[in-house]
Amino acid sequence: MSDHEQQHPAPRRGKVLEALARAERKVFTRPAPKSAKAQMKFLLTRAKGSTTALADRLGVSRRTVERYRAGKLTTPQKRLQAALVEETESEWQPQVRAQARTQAATSRGMMVEVTAYFGFTCTGSSDDGRERHITTDISPTYVKQILELQEAGATEEDLHPIVAEAITESYFTEWGTRADGLRADFTSVSSISFRF
């Protein structure tokens, strides 16, 4: 372990949160900075030049930030590299991301593709729970709720019920035209992706 990078646990996002972040990255109109030096410079502008604030955000020392900005260090360790990519992409093109989110939450909705274990409860009979691969549209109403929860700092467990409800409405009950009273929950998410 070098003295220029302190060891902090890397932030861990669940599959739904990561899928939402990937969907946002796909709407970028220009590529985000790739090199550690360019990422540091960009993040410093977003932090209004405060090396201390950026160091706290990345979980490294202020001196480490200064070394990367000056180009003295060029190859970050895995944890810092992951933090740089995540933080840069979370700040990159905020207006483009905001526009895509607004359109999805008000008019367009989102497409979700998920492979997970779906279990069911309803008043009639239903299929037994099993792993399914589903691709379906989510209505703007549900997209708005999902994005609001994400912005409020929701955990993966907080998002599962609303995503399951959105999938139930669009896929299983076909917008209320069949399987009245059906409720689906999903667990053991193998993969998930969203498209704005």
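Predicted model only: the values in this text are computed from it and were never measured. (Residues numbered from 1 in each chain as written. Predicted model: local features only at pLDDT ≥ 70, side-chain atom pairs only at ≥ 80, totals over all residues. Heavy atoms only, no water.)

**Some thoughts on unusual backbone geometry**
Okay, so step 1: In this structure, Lys48 is a non-glycine residue whose phi angle is positive, near 55°.
Okay, so step 2: Considering the arrangement of structural elements, one finds Lys48 in the loop between α2 (36-46) and α3 (51-58).
Okay, so step 3: In the Ramachandran plot, Gln93 falls in the positive-phi region, its phi being about 45° despite a non-glycine side chain.
Okay, so step 4: By the secondary structure assignment, Gln93 is in the loop between α5 (78-91) and α6 (94-108). (Helix = DSSP H or I, 4+ residues; strand = E, 2+ residues; numbered from the N terminus.)

**Concerning the pattern of salt bridges**
For side chains bearing opposite charge, pairing can occur when the charged atoms are close.
Okay, so step 1: According to the stated counting rule, one finds nine salt bridges in the structure shown.
Okay, so step 2: With its nearest N and O atoms 2.3 Å apart, the salt bridge here joins Arg101 to Glu24. Taken together, the residues span a long stretch of sequence, with Arg101 in helix α6 and Glu24 in helix α1 (residues 15-25) at a distance of 77 residues. Pair check on accessibility: Arg101 and Glu24 agree, each one buried.
Okay, so step 3: In this structure, Arg46 and Glu91 form a salt bridge, with 3.0 Å as the shortest nitrogen-oxygen distance. Highlighted residues: Arg46 in helix α2 and Glu91 in helix α5, separated in sequence by 45 residues.
Okay, so step 4: The partly exposed category is assigned to Arg46, whose relative accessible area is 39%.
Okay, so step 5: Bridged by salt links that share partners, the residues Glu24, Arg97, Arg101 and Glu151 form one connected network. (Salt bridge = Lys/Arg side-chain N within 4 Å of Asp/Glu carboxyl O. Buried < 20%, exposed > 50% of the residue type's maximum accessible area, 1.4 Å probe, protein only.)

**Side note on the nonpolar core**
Okay, so step 1: Counting 33 residues, the largest nonpolar core has Phe118, Val163, Ile167, Ile192 and Phe194 as its most contacted members.
Okay, so step 2: The set of elements that each furnish at least two residues to this core consists of α1, α6, β1 (110-121), β2 (130-138), α7 (140-151), α8 (156-172) and β3 (183-195).
Okay, so step 3: Among the elements that line this core, the one with the most residues is α8, at seven residues.
Okay, so step 4: If near-sequence neighbours (up to four positions away) are discounted, Ile192 is found in contact with Lys15, Val16, Ala19, Arg22, Val112, Glu113, Val114 and Val163.
Okay, so step 5: Grouped together as the second largest cluster of nonpolar side chains are 19 residues, Met40, Ala55, Val60 and Leu80 included. (Core = buried A, V, L, I, M, F, W, Y, C linked by side-chain atoms within 4.5 Å. Contact = heavy atoms within 4.5 Å.)

**Let's talk about the packing of aromatic side chains**
Okay, so step 1: Applying the stated criterion to the full structure yields four aromatic pairs.
Okay, so step 2: The structure contains a cluster of three or more aromatic residues connected by ring pairs, namely Phe118, Tyr171, Phe172 and Phe186. (Phe/Tyr/Trp six-rings, centres within 6.5 Å; stacked < 30°, edge-to-face > 60°.)

**Some thoughts on the confidence of the model for the protein chain**
Low pLDDT marks stretches whose predicted atomic positions should not be read closely.
Okay, so step 1: Scored by pLDDT, the protein chain comes out at a mean of 87, with 89% of its residues at no less than 70.
Okay, so step 2: Looking across the protein chain, the model is least confident in β3, with a mean pLDDT of 87, and most confident in α7, with 95.
Okay, so step 3: Contacts from residues 1-11, a stretch scored under 50 in pLDDT, to residues over four places away or in other chains number 25 contacts. (pLDDT = per-residue confidence, 0-100.)

**Examining the packing of α2 against α3**
Okay, so step 1: Relative orientation of the contacting elements α2 and α3 amounts to 115°, with a least axis distance of 9 Å. In this structure, α2 crosses over α3, and the sense of that crossing is right-handed. Between α2 and α3, the residues in contact are Met40, Leu43 and Leu44 and Thr51, Leu54, Arg57 and Leu58, respectively.
Okay, so step 2: A class-by-class count of the residues in the contact of α2 with α3 yields five nonpolar, one polar and one charged. (Axes fitted to C-alpha atoms, helices over the stretch in contact; angles between N-to-C directions. Left-handed = near helix turned anticlockwise from the far one by under 90°. Nonpolar A, V, L, I, M, F, W, Y, C, P; charged D, E, K, R; others polar.)

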